[in-house]
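Summary of structural features
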Amino acid sequence: MSIKDVLSPFTAWKNLFRDPVSIRDPLNRAAAPRYRGFHQNDVAQCIGCGTCEDICQNGAIDMVPVEGIATKQGDSGLRPRIDYGRCCWCALCVDVCMTHSLSMSNVYTWVDGDPDAFRFTPGVDKKPWDDAALGYRRPEEHRLTGRVRAPMGEIEPAERIDSFAEIVDGYDVAEAQFEADRCVSCGLCVATCPTHMAIPQYIKAIRDGDYDLGVSLLYESNPFSGICGRVCTHKCETTCATRHEGEPIAIRWLKRHIMDQVSVDQIKRVLVKPTAPTGRKVAIVGAGPAGLTAAFDLAKQGHQVTVYEALDQPGGMTRWGIPEYRLPYDIIDQDVDIIRSVGVDIRCNARIGTDITLDQLKADHDAVLLGLGLQLGRATRIPGSEHADVRKAVDLLRLATAGEPIAGGTPREVVVIGGGNVAMDIARTLARLQQQAYGEVKVILTALEDRAHFLADPEEIKEAGEEGVIILDARGPQQVVVENGSVTGLKTWRVKAIFDEQGRFAPSYDEADAQFHPGSMVVEAIGQMTDASLLGDAMTEQLAWQRGRLQVDVGGRTSASWLWAAGDMVRGPDVVSAVADGHRVAASIHAALQEGIAK
Amino acid sequence: MTMRELYDRTKALFPLGELIEQRSGGNNDLVFVTVPAAHLRATILHLRDKEGFSHLVLLTAVDWLEEGQFQLTYLLNNRQQAYDLGLRVMISRDSATMESIHDVWPTAATYQRELREMFGIDFPGSPRIEEEFILEGWNDIPPYRRDFDTLKYAQEKFSERPGRKTHDPETHMRQQLYPDMSPTGK
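Note that the coordinates shown come from a computational prediction; the quantities given were computed from them, not determined experimentally.

Some words on the overall build of chain B
For chain B, the helix and strand inventory stands at five helices and five strands. Helices and strands appear in chain B in the N-to-C order α-β-β-α-β-β-β-α-α-α. Compactness check: chain B gives a C-alpha radius of gyration of 24 Å against a globular reference of 16 Å for 186 residues, more than 25% above the reference. Counting every position in chain B, which comprises 186 residues, the buried fraction comes to 42%.

Here we look at a nonpolar patch on the surface
All names here are of chain A. A surface patch of nonpolar side chains, amounting to about 870 Å² of accessible area, comprises I3, V6, L7, F10, W13, L16 and F17. Mapped onto the secondary structure, W13 falls in the loop between α1 (3-11) and β1 (39-41). What makes W13 exposed here is its relative accessible area of 54%.

Here we look at the state of the cysteines
Residues and elements named next belong to chain A. The full count for this structure, using the stated rule, is zero disulfides over all chains. In this structure C189 is a free cysteine whose sulfur lies 6.2 Å from that of C186, the closest cysteine sulfur available. No disulfide involves C240; its sulfur sits 6.6 Å from the nearest other cysteine sulfur, which is in C186.

Examining the interface of chain B and chain A
A common measure of how large an interface is: the accessible area buried when the components associate. Taken together, the 27 residues of chain B in the interface contact 42 residues of chain A. Contact between chain B and chain A buries roughly 2800 Å² in total, counting both sides, with carbon and sulfur atoms accounting for 53%. For chain B, the biggest contributors to the area lost against chain A are B:R161, B:R164 and B:M173; these three give 24% of the whole. Where chain B meets chain A, there are three salt bridges. Put simply, A:D83 and B:R164 hold a salt bridge, and the shortest N to O gap is 3.5 Å. Taken together, the links from chain B to chain A amount to 13 residue pairs in polar contact (both at pLDDT 80 or more). Put simply, the parts of the chain that give the side of chain B that touches chain A at least two residues each are α4 (150-157) and α5 (169-177) of chain B.

Description of the pattern of salt bridges
Taken as a whole, this structure holds 53 salt bridges over all chains when the rule is applied. Via salt bridges that share partners, A:R160, A:R326, A:D425, A:R428, A:R432, A:E460, A:K462, A:E463, A:E466 and A:E467 belong to a single interconnected network.

Section: the side chain of A:T242
On the secondary structure map, A:T242 appears in the loop between α9 (225-231) and α10 (251-261). If we skip the residues at most four places from it in the chain, A:T242 touches A:M98, A:R182, A:E247, A:P248 and A:I249.

Brief notes about the side chain of A:R79
All names here are of chain A. Mapped onto the fold, R79 is located in strand β3 (residues 78-83). Looking at R79, the relative accessible area reads 1%, which means it is buried. Dropping the residues within four chain positions of it, R79 is found in contact with N41, V43, C46, I47, G48, D62, M63, V64, V66, I69 and T121.

Section: the nonpolar core
If you look at the biggest cluster of nonpolar residues, it comprises 83 residues, and the most contacted ones within it are A:I199, A:Y202, A:V307 and A:I589. Considering every element that reaches this core, the biggest residue donor is helix α21 (residues 575-595) of chain A, with nine residues. Every residue in contact with A:I589, bar those within four places of it in the chain, is listed here: A:V282, A:L298, A:A367, A:L369 and A:W564. Counting residues in each nonpolar core, the second largest holds 38 residues, with B:F14, B:F53, B:A108 and B:F123 among its members.

Considerations on the sheet that holds strand β13 (residues 414-417) of chain A
Residue and element names in this part refer to chain A. One open sheet holds the five strands; their spatial order is β12-β19-β13-β14-β15, and the pairing between them is parallel. Bordering the open sheet on either side are β12 (390-392) and β15 (470-472), each of which pairs with just one other strand. Recorded for the sheet is a direction-independent mean angle of 25° between the axes of neighbouring strands. For β13 and strand β19 (residues 521-524), the ladder comprises four bridges, and the chain directions are parallel. In the sheet register, I417 faces β19, and the bridge partner there is E524. Sheet contacts for helix α17 (residues 421-438): β13, β14 (443-446), β15 and β19; angle to β14, the most-contacted strand, approximately 170°.

Here's the deal with the sheet that holds strand β5 (residues 119-120) of chain A
Residues and elements named next belong to chain A. Read across the sheet, three strands follow the order β2-β3-β5 without closing on themselves; strand pairing throughout is antiparallel. Of all the strands in the sheet, the pair left with one neighbour each is β2 (61-65) and β5. Of the strand pairs in this sheet, β2 and β3 are connected by five bridges, and their pairing is antiparallel. Paired with P65 across the two strands is L78, which belongs to β3.

What to know about the domain arrangement of chain A
Residues and elements named next belong to chain A. Domain annotation for chain A reports domain 1 (29-144), domain 2 (157-270), domain 3 (281-375 + 530-595) and domain 4 (376-528). Just the C-alpha atoms count here: the centres of domain 1 and domain 2 sit 32 Å apart. Contacts between the two partners involve 14 residues from domain 1 and, on the opposite side, 10 residues from domain 2. Taken as a group, Q73, G74 and M98 account for 50% of the area that domain 1 buries against domain 2, more than any other trio of residues on that side. On inspection of domain 1 and its partner domain 2, the count reaches two salt bridges. The salt bridge involving R138 is made with E245; its shortest N-O contact spans 3.1 Å. At the boundary of domain 1 and domain 2, one finds three residue pairs in polar contact (both at pLDDT 80 or more). Considered class by class, the residues forming the side of domain 1 that touches domain 2 number four nonpolar, seven polar and three charged.

Structural notes on the packing of helix α8 (residues 211-221) of chain A against α10(A)
All names here are of chain A. One can describe the packing of α8 onto α10 by two numbers: an axis separation of 10 Å at closest approach and a directional angle of 120°. With respect to α10, the axis of α8 lies oblique. For the crossing formed where α8 meets α10, the hand is left-handed. Contacts between α8 and α10 involve Y211, G214, V215, L218 and Y219 from the first element and K255, H257, I258, M259 and Q261 from the second. A class-by-class count of the residues in the contact of α8 with α10 yields six nonpolar, three polar and one charged.

Thoughts on the packing of aromatic side chains
Here a ring pair, both rings aromatic, is described through the centre-centre distance and the interplanar angle of the planes. Per the stated rule, a full pass over the model turns up 21 aromatic pairs over all chains. Seen from their ring centres, A:W110 and A:W129 are 5.5 Å apart, and the 65° between their planes marks the pair as edge-to-face. Of this pair, A:W110 sits in the loop between β4 (102-105) and β5 while A:W129 is found in the loop between β5 and β6 (135-136), placing the two residues 19 residues apart along the sequence. Owing to a relative accessible area of 24%, A:W110 belongs among the partly exposed residues under this scheme. A:W129 sits in the buried class, given a relative accessible area of 4%. Between B:F119 and B:Y144 the ring centres are 5.5 Å apart and the planes differ by 75°, which places this aromatic pair in the edge-to-face class. Linking B:F119 in helix α3 (residues 108-119) with B:Y144 in the loop between α3 and α4, this pair joins segments that are 25 residues apart in sequence. Residue B:Y144 is classed as partly exposed on the basis of its relative accessible area, which comes to 47%. Members of the aromatic cluster, joined through ring pairs, are A:F38, A:Y84, A:W89, A:W110, A:F118, A:F120 and A:W129. The ring of A:Y325 is capped by A:R432, whose NZ or CZ atom sits 3.8 Å from the centre of that ring. Directly above the aromatic system of B:F32 lies the positively charged group of B:R88, at a separation of 4.3 Å from the ring centroid.

Comments concerning the environment of A:D265
Inspection of the secondary structure assignment puts A:D265 in helix α11 (residues 264-270). Note: C-alpha distance between A:D265 and A:E459 (194 residues apart in sequence) is 34 Å.

So, the environment of A:Y202
All names here are of chain A. If you trace the backbone, Y202 turns up in helix α7 (residues 199-207). Relative accessible area serves as the criterion here: at 0%, Y202 is assigned to the buried category. The spatial distance from the C-alpha of Y202 to the C-alpha of K255 is 7.9 Å, given a sequence separation of 53 residues. With residues up to four places along the chain from it excluded, the contact list for Y202 reads M197, G214, L217, L218, I251, K255 and I258. Among the polar contacts listed, one links the side chain of Y202 to the side chain of K255, at a separation of 3.5 Å.

Here is what the cut-offs are and how they apply
Residues numbered from 1 in each chain as written. Chains lettered and ligands numbered in written order. Predicted model: local features only at pLDDT ≥ 70, side-chain atom pairs only at ≥ 80, totals over all residues. Heavy atoms only, no water. Helix = DSSP H or I, 4+ residues; strand = E, 2+ residues; numbered from the N terminus. Rg over C-alpha atoms; globule rule 2.2 N^0.38 Å. Buried < 20%, exposed > 50% of the residue type's maximum accessible area, 1.4 Å probe, protein only. Patch = residues over 30% accessible without salt bridge, like charges linked within 9 Å, V, L, I, M, F, W, Y side chains within 5 Å. Areas by Shrake-Rupley, 256 points an atom, 1.4 Å probe, with all protein chains shown as cover. Salt bridge = Lys/Arg side-chain N within 4 Å of Asp/Glu carboxyl O. Disulfide = S-S within 2.5 Å. Contact = heavy atoms within 4.5 Å. Buried area = accessible area lost by both parts, 1.4 Å probe. Polar contact = N/O pair within 3.5 Å; in protein donor to acceptor, adjacent residues only side chain to side chain. Core = buried A, V, L, I, M, F, W, Y, C linked by side-chain atoms within 4.5 Å. Pairing = 2+ DSSP bridges. Axes fitted to C-alpha atoms, helices over the stretch in contact; angles between N-to-C directions. Domains from an automatic or database assignment. Nonpolar A, V, L, I, M, F, W, Y, C, P; charged D, E, K, R; others polar. Parallel < 35°, antiparallel > 145°, perpendicular 65-115°, else oblique. Left-handed = near helix turned anticlockwise from the far one by under 90°. Phe/Tyr/Trp six-rings, centres within 6.5 Å; stacked < 30°, edge-to-face > 60°. Lys NZ or Arg CZ within 6 Å of the ring centre and 35° of its normal.

Here is the structure:
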């Protein structure tokens, strides 16, 4: 060992007293314009879908609640918090961000002695680079999810106008997989669905080609999946994260696809089997979505369930209100058949109050549920509307389903009053009947609302127009004109406003703008109400009511301890809301039966 | 000379795939063309010695997992003409091996070492090909292979800072918006 080897460690000490060799950045240069530095997040744009967390290959992102940002429909209220100890600045999170809210500033120099300072929520925890103009923004061509839906095949207007054949084709496997691939599985839609279906999970089942799993997920929350796959109001699609990028996922059509792919036997095989009989008996009045959903749940829980239906076939408004070209009857039959398979006894042609009394139901059962629906059409009460050729849409739709002719024949020329989906349904049904009988369509639809505020679904309005229905907006019905005992048409005024300054329904009209719409029949399609006459005077008097509807608690129980009510008659018209209500009420009845206090 | 003329001339000698003009507009000075693995050496020697492509800009790979293939891209540059020509060679992903070109361009040895480490593509005879390149002590499948699960690796190898907690959006929304509702009626 040389003397130098011994001394050199000590000579190094002299460096302690020298100026450092390194120099401060003399230029104070900013990074390149598109440098990937610390994140920026526009938290007002962000919807907390967590797709950034999902794609991060380093597990650097947590979704965290933020004070002042509420959870609401379409926004989880969570925001991404980034751990820069793990971030590798790859920007996949920026490229996948569904709302464009996440980006990266070009600032990357930051010194802090506390390692936890490098874990923060961009846009919430204020940073100097929050407003930096430069940095990495997703280039237009970087899109990791598809913006456009798998197109849906439909029968062309000319071909469908004289037929009640189903218009929509449905997706085949390749189309469904393409559409399912666009879903980022964020689950924001689940809160919006009234019955909270396992949407991301069943879409994943489509991606994986696992239809057994898919259909068992559907049946966990919705025994009307075949029907909802076709006619659901699909509110879920209004909060889908992909709507920020382009078209929302076609959730309804994907549900339908699962139902189209599986056989009835396959569905019955995956259903949860009923538990042992409890010896409790439940009567359900009305075989519509609410009643049958409750029946399905209660039967699986071992209760003996009997459903009494006044008409000759089950399905309620899905059968008697929705036209066949939107919902073929065999789809209803299939859903009902599966509900029957868990032990639900459905008795048709059994009208309560006529065939059996409500008192008898009460005497023979531990609980009674009313799911009556909204089967009476509301009247306009305008002059002339008492004429026999002024009909209610729901009545005519019921005739169409039954295949019975309209008294006096299909009108050659007809005027429909109303701008909702039921108005579209009857207008399009009459258009088909006219085309079949006379080879031409003469249907005029007059709506109170203007085009911008139409109540009917946009596709209904579009398709009705394609089929030759003339749609007139902002027209207020004034009088059904009757000459020599026959209806000749409808007189309308232009609507100036539907609501008054307090927001109450009080249409005001421009009387100078009057029109006459010729027609030998006028159809009222302005809303429905419940026929609750089966209750009888004494019960009607005894029960508590609220604004014409039976008053119920959150579980659907009326003021009588043995009586529940569910569906459209308490919630207003909507299939999937009725299904959700059916579940809710079944849970309430089940709890009451278990406690043995139903009576 | 245009790239198209060069391509036509070279295609008469070697079984080249179709010409892909990457940089449209201007003078089309970046093109790609596929060539069978067995013809790569002859093709690059010809391009280097007869066509002025004196420089290997880079050698890289793409993992076409679904097709079971690796794509090697040899990017050559003609300094005089300022042209870039990329030769693409498809090789099988199983026991992926390619002839070394370190004797044509010595710099290729470095690229080949990197490809061996990151993709697991072997170049027998290439200098120091067996030595670790940048991944010291690597004991997993090569990380640029697409079946390498980066997230799983990151979670196994790197500890999390204490105090981290995440929330699933769907579950969080249920707790906030409809905590008492059981959709299944169970």
